[in-house]
Amino acid sequence: LVSTAAARPASSSLVRWAWLSIAAAVATIGLKSFAYLLTGSVGLLSDALESVVNLVAAILALVALTVAARPADDNHHFGHGKAEYFSAGAEGVMIFVAAVLIVVSAVERLINPQPLEDLGIGLAITLVATAINGVVGWALLRVGRRHRSITLVADGKHLMTDVWTSVGVVVGVGLVAVTGWLPLDSIVAIAVAVNILWTGYGLIRRSMDGLMDHALPEAEQGAVIAALRGIVADYPAGELEFHAIQTRESGRERFVSMHVLVPGSWTVSQGHDLLEQVESAVSAALPGASVHTHLEPREDPRAYEDIKGGMTLRSED
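Residues numbered from 1 in each chain as written. Predicted model: local features only at pLDDT ≥ 70, side-chain atom pairs only at ≥ 80, totals over all residues. Heavy atoms only, no water.

A. Structural view of the packing of helix H7 (residues 218–232) against helix H8 (residues 268–285). Relative to each other, H7 and H8 sit at 145°, their axes nearing to 9 Å. Between H7 and H8 lies a crossing of right-handed hand. Listed contacts from H8 to Ala223, Val224, Ala227, Leu228 and Ile231 of H7 are Leu274, Gln277, Val278, Ala281, Val282 and Ala285. Of the residues assigned to the contact of H7 with H8, the class counts are 10 nonpolar, one polar and no charged. (Axes fitted to C-alpha atoms, helices over the stretch in contact; angles between N-to-C directions. Helix = DSSP H or I, 4+ residues; strand = E, 2+ residues; numbered from the N terminus. Left-handed = near helix turned anticlockwise from the far one by under 90°. Contact = heavy atoms within 4.5 Å. Nonpolar A, V, L, I, M, F, W, Y, C, P; charged D, E, K, R; others polar.)

B. The packing of aromatic side chains, seen in detail. In this structure the tally under the stated criterion is one aromatic pair. Taken together, a centroid distance of 6.1 Å and an interplanar angle of 35° make the contact between Tyr235 and Trp266 tilted. Residue Tyr235 is located in the loop between H7 and strand E2 (241–250), and its partner Trp266 is located in the loop between strand E3 (253–262) and H8; the two are separated by 31 residues in the primary sequence. On the accessibility criterion, Tyr235 (21% relative accessible area) is partly exposed. Owing to a relative accessible area of 18%, Trp266 belongs among the buried residues under this scheme. Directly above the aromatic system of Phe255 lies the positively charged group of Arg248, at a separation of 4.3 Å from the ring centroid. (Phe/Tyr/Trp six-rings, centres within 6.5 Å; stacked < 30°, edge-to-face > 60°. Buried < 20%, exposed > 50% of the residue type's maximum accessible area, 1.4 Å probe, protein only. Lys NZ or Arg CZ within 6 Å of the ring centre and 35° of its normal.)

C. Spotlight on a nonpolar patch on the surface. Taken together, the side chains of Val103, Val107, Leu110, Ile111, Trp181 and Ile187 make up a nonpolar region of the molecular surface, amounting to roughly 530 Å² of accessible area. With four residues, helix H3 (residues 83–111) is the single largest residue contributor to the nonpolar patch. Structurally, the position occupied by Val103 is in helix H3. On the basis of relative accessible area, Val103 is assigned to the partly exposed category, the value being 30%. (Patch = residues over 30% accessible without salt bridge, like charges linked within 9 Å, V, L, I, M, F, W, Y side chains within 5 Å. Areas by Shrake-Rupley, 256 points an atom, 1.4 Å probe, with all protein chains shown as cover. Salt bridge = Lys/Arg side-chain N within 4 Å of Asp/Glu carboxyl O.)

D. Highlighting the nonpolar core. Core analysis: the largest hydrophobic core is formed by 30 residues, its most contacted members being Leu44, Ile102, Val169, Val173 and Ile196. Met258, Trp266, Val278 and Leu286 belong to the second-largest nonpolar core, a separate cluster that totals 22 residues. (Core = buried A, V, L, I, M, F, W, Y, C linked by side-chain atoms within 4.5 Å.)

E. Just the environment of Val56, in detail. Mapped onto the fold, Val56 is located in helix H2 (residues 42–68). Along the backbone, Val56 and Met94 are 38 residues apart, and their C-alpha atoms lie at a distance of 8.4 Å.

F. Examining the pattern of salt bridges more closely. Scanning all chains against the criterion turns up three salt bridges. Across the salt bridge formed by Arg254 and Glu220, the nearest N and O atoms sit 3.4 Å from each other. Of the two residues, Arg254 sits in strand E3 while Glu220 sits in helix H7, which places them 34 residues apart along the sequence. Accessibility assignment for this pair places Arg254 and Glu220 in one class, buried. Note that Asp300 is salt-bridged to Arg302, the shortest N-O span being 2.8 Å.

The quantities given are spatial measurements derived from coordinates; they are silent on function.
Here's what the structure looks like:
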């Protein structure tokens, strides 16, 4: 007997947030590029280049969210949620490319320093662009975490990284204006590159975890075990066992599967009632999760031959 709790349906409502990210990227590219043309600062150029990456990432996010919102079909029985991981991974790669471009520009300017002009106006324009990124990044993080969208979370983190990058650039270029020491502009740009490299690494690692069917976070696995402990506590020692308790996530969706071992003398109705109880308990612990259960007689040796990993819990534990 295999039964499945209903999974949370994918929603296309998140797509509009990707459009907001695209609009913010276009606006900040224009503002930061203008600031760079006014000042000639390679630090501001590095900031503008990161905004170009933001635009490409936002477009990828739009595509990924559109695909991920498609319902399950004959060729994708578990939906299209993993499309979000490709977007996050691609964004991480683009961050690496942007960092390399920034370093190349910074080193060239370090070797051949040039005077900076109109720093006051340029920095003011950059601060306006930073404020736009900050508001949109905060909104994307909030919505992405609420709806478990790695794409929106990645985009939001990238924008917030851009915010701190811009703050660092403004401080560095401002110090250039005060001290007159031109190499500081290039040093700030290199520091920006190192900072966004770390962000890119985190995004790539997270996307790889998802594509490799990484288990749910420990806190969520703990919630599953706690729900099952509440059930086994009502049974005599050795009567009820859960094994091959496995979890994974696919984009916004969470999946939990397990084998439920009961006495072979139980009726089909008794087994079915237990599975309904198990699925309801796990779904309450992880709202929207898809729960798969498989019922087996605990006296049958074959019930122990198909364990391929996961956790085990018995009524005497």
